[in-house]
Number of protein chains: 2
Amino acid sequence: MAKAGVAVARREEVVAGLPSPKAGQILLAARKVFMRDGYGSASMDAIAREAAVSKATLYAHFSGKEALFAAVIRERCQHLTRSLSPAELEPLELAEALRRVGRHFLDLILSPEAVAIYRVVVAEAPRFKELGRVFYESGPMQVKRSLADYLAAAARRGLLAVPEPYLAAEQFVGMLQSHFHLMRVLGVAGRPSDAQIAQAIELAVRVLTRGYAVG
Amino acid sequence: MAKAGVAVARREEVVAGLPSPKAGQILLAARKVFMRDGYGSASMDAIAREAAVSKATLYAHFSGKEALFAAVIRERCQHLTRSLSPAELEPLELAEALRRVGRHFLDLILSPEAVAIYRVVVAEAPRFKELGRVFYESGPMQVKRSLADYLAAAARRGLLAVPEPYLAAEQFVGMLQSHFHLMRVLGVAGRPSDAQIAQAIELAVRVLTRGYAVG
DNA sequence: GTCTATATACAGATAGAC
DNA sequence: GTCTATCTGTATATAGAC
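Overview of the structure. This is a predicted model, so every value here is computed, not measured. (Residues numbered from 1 in each chain as written. Chains lettered and ligands numbered in written order. Predicted model: local features only at pLDDT ≥ 70, side-chain atom pairs only at ≥ 80, totals over all residues. Heavy atoms only, no water.)

Digging into the relation of the copies chain B and chain A
Convention followed: What sets the superposition is a least-squares fit of C-alpha atoms, and only residues with pLDDT of at least 70 in both copies go into it. Any two residues having at least one pair of non-hydrogen atoms within 4.5 Å are treated as being in contact.
Its rotation angle being 180°, the transformation that places chain B on chain A also includes 0.0 Å of axial translation and leaves an RMSD of 0.1 Å. Such values leave the two copies arranged in the relation of a two-fold axis. A shared binding surface is used by both copies, with 98% of the interface residues of chain B retained as interface residues in chain A.

Here it is as structure tokens:
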């Protein structure tokens, strides 16, 4: 797929909030090429071909390769950010709320899009310093913060003894991540089965609740 | 440092087990350039310059850019692998043994070399499938395996109730990793302080031992 | 084996017609 | 704004002298 053939305008997906439709085409094509080839190996030619526009048009909308890359990353980070609201968790029993958070988190970080963006952001972090921060704050930090808020509330209700809620949240997501994310980003294994995910979540919930049990 | 000046032969470090001294120079230079620029942005010119040899010499020792990259990754993975022996852990008290493993693991994955190799391997994993496996098996898997062996032994001695030692090991290293590794590879934060590391280890040890406490 | 010099392709970026 | 055609530098890789 997407061999070196004649490029056709794609309308599979729309990038919202842009002045021109061409800018959306370009951003979508750039995303595809950057995610597939990485920043260094991606070429402006390939992006123009994929977007079905000329390179001149491409440069009319974005000042250069770096700016285009930054625009792609920012747009994707914004898109991938979907937090669980406290209102969704509050009525649930403790263990069930943690399961819900865990599943949401794993769905997020194991999706092909998230893995692809993780790869390029990590690879280019030394050269695009602010993009690493954008990624971290839009994704992992939000999940940890909302979980930390939930844990703090649970501690106030006497369900747990959590002196450092944010660190406990990091422990929880760390336990989940460890199982699958590394193997996924290294290409060693594909997406885990639902049963594997369920087992990992159960174990993490069990260790966290026992680890921070009251008394 | 390392601006576009006259290259000089470096002898800071020796790459062992190579037939020719030039091959060692080349491999060392390639490592430096690949880690700094990433695979896609690195050039054979830059590597030849850094190694203070001509490009023809470079191609006399390695068949091309891909082969050189693979050689660098394999050599580094081999070098970074240093496991804790079971004999070192056996005489220690449980919590102290876990602290020792935790500190060893964090020292390993937070070192500048490990972070640099992680970045390039993750970035190129889709195109160099076997290198992801080499990295995983030489680093994280070994640590988890030896920790799992220790946990299984502890369970046999009645110190813990660990039904799945390997998964428990993954939880432990995941809790530790979560705190720092992501921020480090994203360039959001530098190396954490000793106090931060000590706190993370204490929390992880506490949660794991309570989570898998007997009874 | 190692060099200098070069072949060949393609990169990012732009000029100028429309 | 968008295109075609092109400029200029640099990429990987190699030929041929020593």
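A closer look at the interface of chain B and chain A
Put simply, the rule is: Buried area: the accessible area, evaluated with a 1.4 Å probe, that two parts lose upon being put together, summed over both parts. Every case where a carboxyl oxygen of Asp or Glu lies within 4 Å of a side-chain nitrogen of Lys or Arg is listed as a salt bridge. A 3.5 Å cut-off defines polar contacts: any pair of N or O atoms within that distance qualifies, except that in protein one atom must be a possible hydrogen donor and the other a possible acceptor, and neighbouring residues in sequence count only when both atoms are side-chain atoms. Secondary structure elements are defined from DSSP: runs of H or I of at least 4 residues count as helices, runs of E of at least 2 residues count as strands, and each element is numbered from the N terminus. The residue classification treats Ala, Val, Leu, Ile, Met, Phe, Trp, Tyr, Cys and Pro as nonpolar and Asp, Glu, Lys and Arg as charged. All others, Gly included, are polar.
Contacts between the two partners involve 45 residues from chain B and, on the opposite side, 44 residues from chain A. Both faces considered, chain B and chain A share a buried interface measuring about 4000 Å² in area, 59% of it formed by carbon and sulfur atoms. Contact with chain A buries area across many residues of chain B, yet Gln171, Leu182 and Leu186 of chain B alone supply 15% of it, more than any other trio. Summed over the shared surface of chain B and chain A, the result is zero salt bridges. In this assembly, chain B and chain A are joined by 17 residue pairs in polar contact (both at pLDDT 80 or more). In terms of residue count, the dominant contributor to the side of chain B that touches chain A is helix 10 (residues 165-185) of chain B (11 residues). Class assignment of the residues belonging to the side of chain B that touches chain A gives a composition of 23 nonpolar, 12 polar and 10 charged.

A closer look at the side chain of glutamine 177 of chain A
Counting through the fold element by element, glutamine 177 of chain A comes out in helix 10 (residues 165-185). Discounting chain neighbours no more than four positions away, the residues touching glutamine 177 of chain A are Phe105, Ile109 and Leu182 of chain A.

Let's talk about the side chain of arginine 119 of chain B
To be explicit about the condition: Burial status follows relative accessibility: with a 1.4 Å probe on protein chains alone, a residue under 20% of its type maximum counts as buried, one over 50% as exposed, and anything between as partly exposed. Charge convention: Lys and Arg are scored as positive, Asp and Glu as negative, and His as well as the terminal groups of each chain are ignored.
With respect to the secondary-structure elements, arginine 119 of chain B resides in helix 7 (residues 112-124). As a buried residue without a salt bridge, arginine 119 of chain B has its nearest oppositely charged side chain in glutamate 124 of chain A, at a separation of 9.1 Å. At a separation of 3.3 Å, a polar atom in the side chain of arginine 119 of chain B contacts the main-chain carbonyl oxygen of arginine 184 of chain B. Ignoring any residue separated from it by four or fewer positions in sequence, one finds arginine 119 of chain B in contact with Val122, Ala123, Ala125 and Pro126 of chain A together with Arg184, Val185, Leu186 and Gly187 of chain B.

Notes on the pattern of salt bridges
Residue and element names in this part refer to chain A. Overall, the coordinates contain 24 salt bridges over all chains when judged by the stated rule. The salt bridge involving glutamate 202 is made with arginine 99; its shortest N-O contact spans 2.6 Å. Within this pair, whereas glutamate 202 is found in helix 11 (residues 194-211), its partner arginine 99 is found in helix 6 (residues 94-110), the two being separated by 103 residues in sequence. A single network of salt bridges, built from pairs that share partners, joins Glu96, Arg99, Arg100 and Glu202.

A closer look at the protein's contact with DNA strand C
Note the cut-off: We call a residue near a molecule or strand when any one of its heavy atoms sits within 4 Å of it.
Of all residues adjacent to DNA strand C, which total 15 residues, the nearest are Met44, Lys55 and Tyr59 of chain A together with Ala56 and Thr57 of chain B. Here methionine 44 of chain A contributes a backbone N or O atom positioned 2.4 Å from a phosphate oxygen of DNA strand C. A distance of 2.3 Å separates a phosphate oxygen of DNA strand C from a polar atom in the side chain of threonine 57 of chain B. Those elements that provide at least two residues to the surface near DNA strand C are helix 2 (44-51) and helix 3 (55-61) of chain A together with helix 3 (55-61) of chain B. Among the residues forming the surface near DNA strand C, the class breakdown is six nonpolar, five polar and four charged.

Describing unusual backbone geometry
Its identity is not glycine, yet alanine 52 of chain A carries a phi of approximately 60°, on the positive side. Among the structural elements, alanine 52 of chain A can be located in the loop between helix 2 and helix 3.

Observations regarding the protein's contact with DNA strand D
Near DNA strand D, the surroundings consist of 15 residues, among which Ala56 and Thr57 of chain A together with Met44, Asp45 and Lys55 of chain B are the closest. Each atom of DNA strand D within 4 Å of the protein belongs either to a base or to sugar and phosphate, the latter forming 55%. At 2.8 Å, a side-chain N or O of histidine 61 of chain A approaches a phosphate oxygen of DNA strand D. Lysine 55 of chain B is positioned with one of its side-chain polar atoms (N or O) 2.7 Å from a base nitrogen of DNA strand D. Contributing elements (two or more residues each) for the surface near DNA strand D: helix 3 of chain A together with helix 2 (44-51) and helix 3 of chain B.

A word on the packing of aromatic side chains
Note the threshold: Ring pairs shown here join Phe, Tyr and Trp side chains whose ring centres sit within 6.5 Å, with only the six-membered ring taken for Trp; geometry is labelled stacked below 30 degrees between planes, edge-to-face above 60, and tilted in between. Lysine NZ or arginine CZ positioned within 6 Å of the ring centre and within 35 degrees of the ring normal marks a charge as sitting over the ring.
As enumerated under the stated definition, the model contains 12 aromatic pairs over all chains in all. With centroids separated by 5.1 Å and ring planes inclined at 75°, the aromatic side chains of tyrosine 39 of chain B and phenylalanine 128 of chain B adopt a geometry described as edge-to-face. Here the residue tyrosine 39 of chain B occupies a position in helix 1 (residues 21-41), and phenylalanine 128 of chain B occupies one in the loop between helix 7 and helix 8 (129-138), the gap between them amounting to 89 residues. Using a relative accessible area of 12% as the deciding quantity, one classes tyrosine 39 of chain B as buried. Ring-pair connections join several aromatic residues into one group, and the members of that group are Phe34, Tyr39, Phe69 and Phe128 of chain A. For lysine 65 of chain A, the ring lying beneath its charged end belongs to tyrosine 39 of chain A, and the centroid distance is 4.6 Å.

Side note on the nonpolar core
Filter applied, for reference: Think of a nonpolar core as a cluster: buried Ala, Val, Leu, Ile, Met, Phe, Trp, Tyr and Cys residues, connected wherever their side-chain atoms sit within 4.5 Å.
Ranked by internal contacts, the top residues of the largest apolar core, which has 80 residues, are Leu68 of chain A together with Leu68 of chain B. What leucine 68 of chain B contacts, discounting residues up to four positions off in sequence, is Ile26, Leu27, Ala30, Phe34, Met44, Ile47, Leu58 and Phe62 of chain B. Ranked by size, the runner-up nonpolar core spans 74 residues in total, among them Ala200 of chain A together with Val173, Phe180 and Val205 of chain B.

Here's the deal with the packing of helix 9 (residues 140-156) of chain A against helix 10 of chain A
Angle between the axes and distance between the axes: these two values describe a pair of packed helices. All names here are of chain A. Rule in force here: Geometry is summarised by axes, namely lines fitted to C-alpha atoms with helices restricted to the contacting stretch, and by angles between N-to-C directions that run from 0 to 180 degrees. Orientation categories follow fixed angle ranges, with anything under 35 degrees roughly parallel, anything over 145 roughly antiparallel, 65 to 115 roughly perpendicular, and all other angles oblique. For any pair of crossing helices, the crossing counts as left-handed if the nearer helix is rotated counterclockwise from the farther one by less than a right angle, and right-handed if it is rotated clockwise.
Direction vectors running N to C along helix 9 and helix 10 enclose 120°, while the axes themselves pass 8 Å from each other. What the angle tells us is that helix 9 and helix 10 run oblique. When the axes of helix 9 and helix 10 are compared, the crossing they make is right-handed. Between helix 9 and helix 10, the contacting residues are Met141, Val143, Lys144, Arg145, Leu147, Ala148, Leu151 and Ala152 on the first element and Pro165, Tyr166, Ala168, Ala169, Glu170, Phe172 and Val173 on the second. Here the contact of helix 9 with helix 10 is built from residues that sort into 12 nonpolar, no polar and three charged.

A closer look at the environment of tyrosine 59 of chain B
All names here are of chain B. Within the fold, tyrosine 59 resides in helix 3. For the pair tyrosine 59 and alanine 48, spaced 11 residues apart in the sequence, the C-alpha separation amounts to 9.7 Å. In this structure, tyrosine 59 is in contact with Met44 and Gly64, ignoring residues within four places of it in sequence.

Honestly, that's just the spatial picture; any functional story needs more than this.
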